[in-house]
Amino acid sequence: MDFDAVLARVAEDVRPLVRQGTVASYIPRLAEVPIDRFGMAIATLDGRQFSIGDADTAFSIQSISKVFSLSMALDALGGDLWERVGREPSGSPYNSLVQLENERGIPRNPFINAGALVVADVVLSERPDGLQALLDFVRQRADNPAIAVDADVAASEAAAGYRNAALTNFIRSFGNIQQPIEAVLDFYFKQCAIAMSCEDLAQAFLHQANAGRCRRTGTQVISPIRARRINSLMLTCGTYDAAGDFAFQVGLPAKSGVGGGIAAVVPGVLALAVWSPGLDERGNSLAGAAALARFTEITGWSIF
């Protein structure tokens, strides 16, 4: 397939949407990102790479990082993790506190903020060097040792992170946070502030398209069954409370972030990432979601 032509067609078709939506403003540093950016990258299992637009520009990956921390938490606890966090779509905004009251501090899934905070707690319980371990994991998967936390974004997250602090304290009241709250929040804010490009993300997600195996090194990063299960959670929970519509429109496992990025996989074929900072009302990149939908229309690739 001529992926350069596919990307060019996708970019042209979604161009009218690129300036639409709203840049995340509740994190002050993200509010400064120009809304007119658009990039898209593909990494294939046969070793090819393709990109267009701002695909080499690093941006704050935000909740996309939750896929990486989930892999680490599952490595630490295995199936016991699911005693502390669920596997169901939330049907509520990603930063909601409402369900935690009725469900006694067990977050609905690991990709909403509450679930990711529990995952952060698990990682820190097993790895006191949790942030460095996460960075090492991401750098190895992306084959880019320069990937780092954007300190300005992390500071901005911390300064505006009242709801995440409330979530952590609320979960702690049910006994489902075990590490110091300040340490969990620091890890969470910094993991969300990791800066990567679309090219980095496409490479970093490639093992999810390859039954957990790194194409470049041959290393079994995670087991095939774990890769499949993480993909299933990406499909059902990876785009916040828009997951059902995203599955309907796109049909690929994907994880979005309020930095405007979305990473997705075509199992057995490739991984791809798109970035456009303008968000829809549910916190997903408006042009990015449209680009992925157009990609699946043009290629005919879907898990369905």
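Residues numbered from 1 in each chain as written. Predicted model: local features only at pLDDT ≥ 70, side-chain atom pairs only at ≥ 80, totals over all residues. Heavy atoms only, no water.

An unreviewed UniProt entry lists the chain under the name Glutaminase, with Arenimonas donghaensis DSM 18148 = HO3-R19 given as the organism. Among the UniProt annotations of the chain, the heading Subunit (unreviewed entry) holds the following wording: "Homotetramer." The Sequence similarities (unreviewed entry) field of the UniProt record for the chain holds the comment "Belongs to the glutaminase family." (UniProt positions renumbered as here; feature names shortened; annotations may be inferred.)

Moving on, we come to the sheet that holds strand 1 (residues 39-44). Spatially, the five strands line up as an open sheet ordered 2-1-8-7-6, and their pairing is antiparallel. This sheet does not close on itself; its edge strands, each paired only once, are strand 2 (49-53) and strand 6 (254-256). The sheet shows a mean angle of 10° between the axes of neighbouring strands, taken without regard to direction. Where strand 1 lies against strand 2, five bridges are found, and the strand directions are antiparallel. Each bridged residue has a counterpart across the sheet, and for M40 the counterpart in strand 2 is I52. (Pairing = 2+ DSSP bridges. Helix = DSSP H or I, 4+ residues; strand = E, 2+ residues; numbered from the N terminus. Axes fitted to C-alpha atoms, helices over the stretch in contact; angles between N-to-C directions.)

Attention shifts here to unusual backbone geometry. The phi torsion at D143 lies on the positive side, around 55°, for a residue other than glycine. On the secondary structure map, D143 appears in the loop between helix 5 (130-142) and strand 4 (148-149). Despite not being glycine, Y240 shows a phi value in the positive range, around 60°. One can find Y240 in the loop between helix 10 (224-237) and helix 11 (243-249).

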